[in-house]
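Listed below, chain by chain, are the residues.
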Amino acid sequence: MGSVTSPFHEGTGEPRVERSGADPVAPYQLYLDHADAIAYQATLASFAPTFFAGAVEAITGHPRAAFLDGELRWIDLVLPEDLPHLFAATSRLLGVGDVIRHRYRIRRRDGALLWVEDVARVIRASPEAEPIVHGTVRDVTERVNAEETVARGHRVLHATRRLQERFIVEGEPSLRFQEMLDVLLSASGSDHAFILEAVNDGHRTRSFRLRAARPSLAPAAADSFAAEEPWAALVARSTQPLLLVGEGAATELRLPAWLPPCGALLSLPLLLGGELLGCILLGAAAPAYAPALVESLEPLFSTCTAFLAAIRAEGERKRAAEERQHLELGMLQAQKLESIGLLAAGIAHDFNNVLTTILGNAGLARLHLPAHAECSRFLVEIEGASRRAADLCRKLLAYAGKGSFAVEAVELGELVKTVVPLVENALSKKARVVVEVEGDLPVVEGDATQLQQLVLALLTNASDALGSDGGHIAVRVKVEVLSGTMGNGAGSTAAGPGRYVVLEVADSGCGMPREVLARIFDPFFTTKFPGRGLGLAAALGIVRQHGGALFVTSAEGSGSAFRVLLPALDGERRGEPHLRPNPDTRAP
């Protein structure tokens, strides 16, 4: 069996020092060729290498000779920020037998960064000999990364637990999102982080809403954007982490101006049951999003998904409660209007009977008087007052939906063109009325006289809203097709799917506060002088009697808009008007 040459003196265990010009590595070439570390010897005073072999080129990318010939120093590879740590560790190599183990970073010849572990010990050949440092340098980048991943995972779990506890105890989702982004920036080494909430229409993402940003964006930055934008469309379709910018990105995208420039931009979808609730965007100056890093942040992604789901569920609960409250208020309003309508109809019916007697007897009395009798003028005033009272009765009956009317096919646009010029003199002198009527409008079925009364009531209300300052009144007639039900109209009116002729009367007046808006259709309610208050009530009754819907929008200082939707006839049914009488009412 062949002998093996040892690098140490037999008996003493002290290292051999090569005295000849032969390569000191040659006897150990077999071992060094298969080593995964660099073995070195250097003087303690100058740290000039006297022995430097092993995986030199594999670790550094530089040939071994470059270090031995002095062309390259080991400290030239060490990152400047790690040099103080290296010098501090070396200064501890004072006593013979002392062993130090420390880690630092070097930059390879190809520019890559490596973590290395340096294990060194001082050995003397004799008490008088110069101290020699013996050591090994090993590439521990994978080990350091694994340790960092584990440590990051622990930090992320701790932060996640804290966020969950604060969310449960304190709520305040906006603050929790900001805290979550702070953790993400620290854990991922990112420069920018954003949380986007998906706004879904069924199973399709319609747009995104910016929930949180770190660093905070300027106030002018957009807080929502359509999912049709190319980059947002990619995010909306992705179910896996997606690199939008950087090496390996699927395609070059034009990003919105509010996103800061970055060398890498990673999108992380937040999914719950296959539905996209939102995403997290992480941006960094240099690409640094390894799969292991993304995996270690998974607890934060899951928590963010849970937060968004909780916010969405709370929003849906509030909307359901508001809808239920609105429905209850609508039912109460409908019951109130029905009760008032029944009362109004009963009063109008009985009062009509009284008026019939008054008018009849006044007329008979005038017939028995001489033509120029002095008391005839009193009878004329009695008849005039009775007819005005009869007109109030007709409005009450219209509000209650108890009046009889002649049903025919009515061209609402032509009716409006006819009515507006007739009533302009009765409106405010400072009101400017603009009429817009679409061409080829379908007809509606109704009573032309009552529809005229409807137009008159809306115009009068708009004129009153302008007051002494004057303004504009816009009257529009157009056709509109509804694909779904449009509810929450005045008096619980609603419009189902179908084709409608729309009458819109909008003014630039003072508008109405919410408390006034809630009562404008109550009979005899008015903000004007006493004796008014039946116009809009009668208008609502006419709309309901024609199977339509009435919608009002108004705000103080912003004017008001009344929209009447009347069902359009499928064909132009033009025939003789026919009466739709109500047996309970008779007009004098």
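Everything numeric in this text was worked out from a predicted model, so none of it was measured.

**Comments concerning the side chain of serine 296**
Here serine 296 is to be found in helix α8 (residues 291-296). Sequence-distant contacts of serine 296, that is, excluding residues within four places in its chain, are made with Thr149, Arg152, Gly153 and Val156.

**Observations concerning a nonpolar patch on the surface**
A cluster of nonpolar side chains, namely Ile347, Phe351, Val354, Ile358 and Ile382, defines an oily patch on the protein surface of about 400 Å² accessible area. It is helix α9 (residues 298-367) that provides the largest number of residues to the nonpolar patch, a total of four residues. Here isoleucine 347 lies in helix α9. Among the residues examined, isoleucine 347 registers a relative accessible area of 47% and is labelled partly exposed.

**Some remarks on the sheet that holds strand β3 (residues 99-107)**
Read across the open sheet, the five strands follow the order β2-β1-β5-β4-β3; overall the sheet is antiparallel. The strands lining the two open edges of the sheet, one partner per strand, are β2 (49-54) and β3. Put simply, the sheet's adjacent strands are angled 20 degrees from each other on average, direction ignored. The sheet contact formed by strand β4 (residues 113-123) and strand β5 (residues 132-139) spans eight bridges and is antiparallel. Along β5, the bridge assignment pairs aspartate 118 with valine 137.

**So, the pattern of salt bridges**
Inspection of every chain in the model, using the stated rule, returns 21 salt bridges. Between arginine 138 and aspartate 36 there is a salt bridge, with the nearest N and O atoms lying 3.4 Å from each other. With arginine 138 in strand β5 and aspartate 36 in the loop between α1 (29-33) and β1 (37-43), the pair connects residues that are 102 residues apart, well separated along the chain. The partly exposed category is assigned to arginine 138, whose relative accessible area is 28%. Here glutamate 414 and lysine 417 are joined by a salt bridge, their closest N and O atoms 3.8 Å apart. Pair noted here: glutamate 414 and lysine 417 are both in helix α11 (residues 412-423), with a separation of three residues, about one helical turn. By relative accessible area, which is 43% here, lysine 417 ends up partly exposed. Members of the salt-bridge network, linked through shared partners, are Arg101, Arg103, Glu117, Arg143 and Glu147.

**Focus on the packing of aromatic side chains**
Counted according to the given criterion, the structure contains four aromatic pairs. For the ring pair phenylalanine 52 and phenylalanine 67, a centre distance of 4.9 Å and an interplane angle of 35 degrees mean the geometry is tilted. Here phenylalanine 67 lies in helix α3 (residues 64-68) and phenylalanine 52 lies in strand β2, a separation of 15 residues in the sequence. Of the two residues, phenylalanine 52 and phenylalanine 67, both sit in the buried class.

**Focus on the pairing of β5**
As judged from the seven bridges shared by β1 and β5, these two strands associate in the antiparallel manner. The partner of alanine 42 across the bridge, within β5, is valine 133.

**Some thoughts on the nonpolar core**
By size, the foremost hydrophobic cluster in this structure holds 42 residues, and its most contacted members are Leu454, Leu459, Ile473, Leu503 and Phe562. The greatest single-element share of this core, amounting to nine residues, is contributed by helix α12 (residues 448-466). Dropping the residues within four chain positions of it, leucine 503 is found in contact with Leu412, Val416, Leu454, Val455, Leu458, Val475, Arg476, Val477, Phe562, Arg563 and Val564. Counting residues in hydrophobic clusters, the runner-up holds 30 residues, among them Ile195, Leu266, Tyr289 and Leu293.

**Looking at the environment of glycine 559**
Mapped onto the secondary structure, glycine 559 falls in the loop between β17 (549-554) and β18 (560-567). Of the residues examined, glycine 559 reaches a relative accessible area of 5% and is grouped as buried. The contacts of glycine 559, once residues within four sequence positions are left out, are Asp507, Ser508, Gly509, Cys510, Gly511, Thr553 and Ser554.

**So, the confidence of the model for the chain**
Confidence along the chain averages 78 in pLDDT terms, with 79% of residues attaining 70 or more. In this model residues 572-579 is a low-confidence stretch, pLDDT under 50, and it forms 15 contacts with partners more than four residues away in sequence or in other chains. The low-confidence segment residues 581-588, where pLDDT is below 50, has 20 contacts with residues more than four positions distant or belonging to other chains.

**So, the sheet that holds strand β15 (residues 471-482)**
In a beta sheet, neighbouring strands are held together by backbone hydrogen bonds and run either parallel or antiparallel to one another. If you walk across this open sheet you meet the five strands as β13-β15-β16-β18-β17, and the pairing is mixed. Edge strands, defined here as strands with exactly one partner in the open sheet, are β13 (431-437) and β17. Strand-to-strand twist of the sheet, defined as the mean angle between neighbouring strand axes without regard to direction, takes the value 15 degrees. Pairing of β17 with β18 involves six bridges; the strand directions are antiparallel. For threonine 553, the partnering residue across the bridge sits in β18 and is alanine 561.

**Side note on unusual backbone geometry**
In this model, arginine 214 is joined to proline 215 through a cis peptide bond whose omega is -10 degrees. Relative to the helices and strands, proline 215 is located in the loop between β7 (204-214) and β8 (224-226). Unlike most non-glycine residues, aspartate 440 shows phi in positive territory, near 55 degrees. Along the chain, aspartate 440 falls in the loop between β13 and β14 (444-446).

Rules behind the numbers
- Residues numbered from 1 in each chain as written.
- Predicted model: local features only at pLDDT ≥ 70, side-chain atom pairs only at ≥ 80, totals over all residues.
- Heavy atoms only, no water.
- Helix = DSSP H or I, 4+ residues; strand = E, 2+ residues; numbered from the N terminus.
- Contact = heavy atoms within 4.5 Å.
- Patch = residues over 30% accessible without salt bridge, like charges linked within 9 Å, V, L, I, M, F, W, Y side chains within 5 Å.
- Areas by Shrake-Rupley, 256 points an atom, 1.4 Å probe, with all protein chains shown as cover.
- Salt bridge = Lys/Arg side-chain N within 4 Å of Asp/Glu carboxyl O.
- Buried < 20%, exposed > 50% of the residue type's maximum accessible area, 1.4 Å probe, protein only.
- Pairing = 2+ DSSP bridges.
- Axes fitted to C-alpha atoms, helices over the stretch in contact; angles between N-to-C directions.
- Phe/Tyr/Trp six-rings, centres within 6.5 Å; stacked < 30°, edge-to-face > 60°.
- Core = buried A, V, L, I, M, F, W, Y, C linked by side-chain atoms within 4.5 Å.
- pLDDT = per-residue confidence, 0-100.

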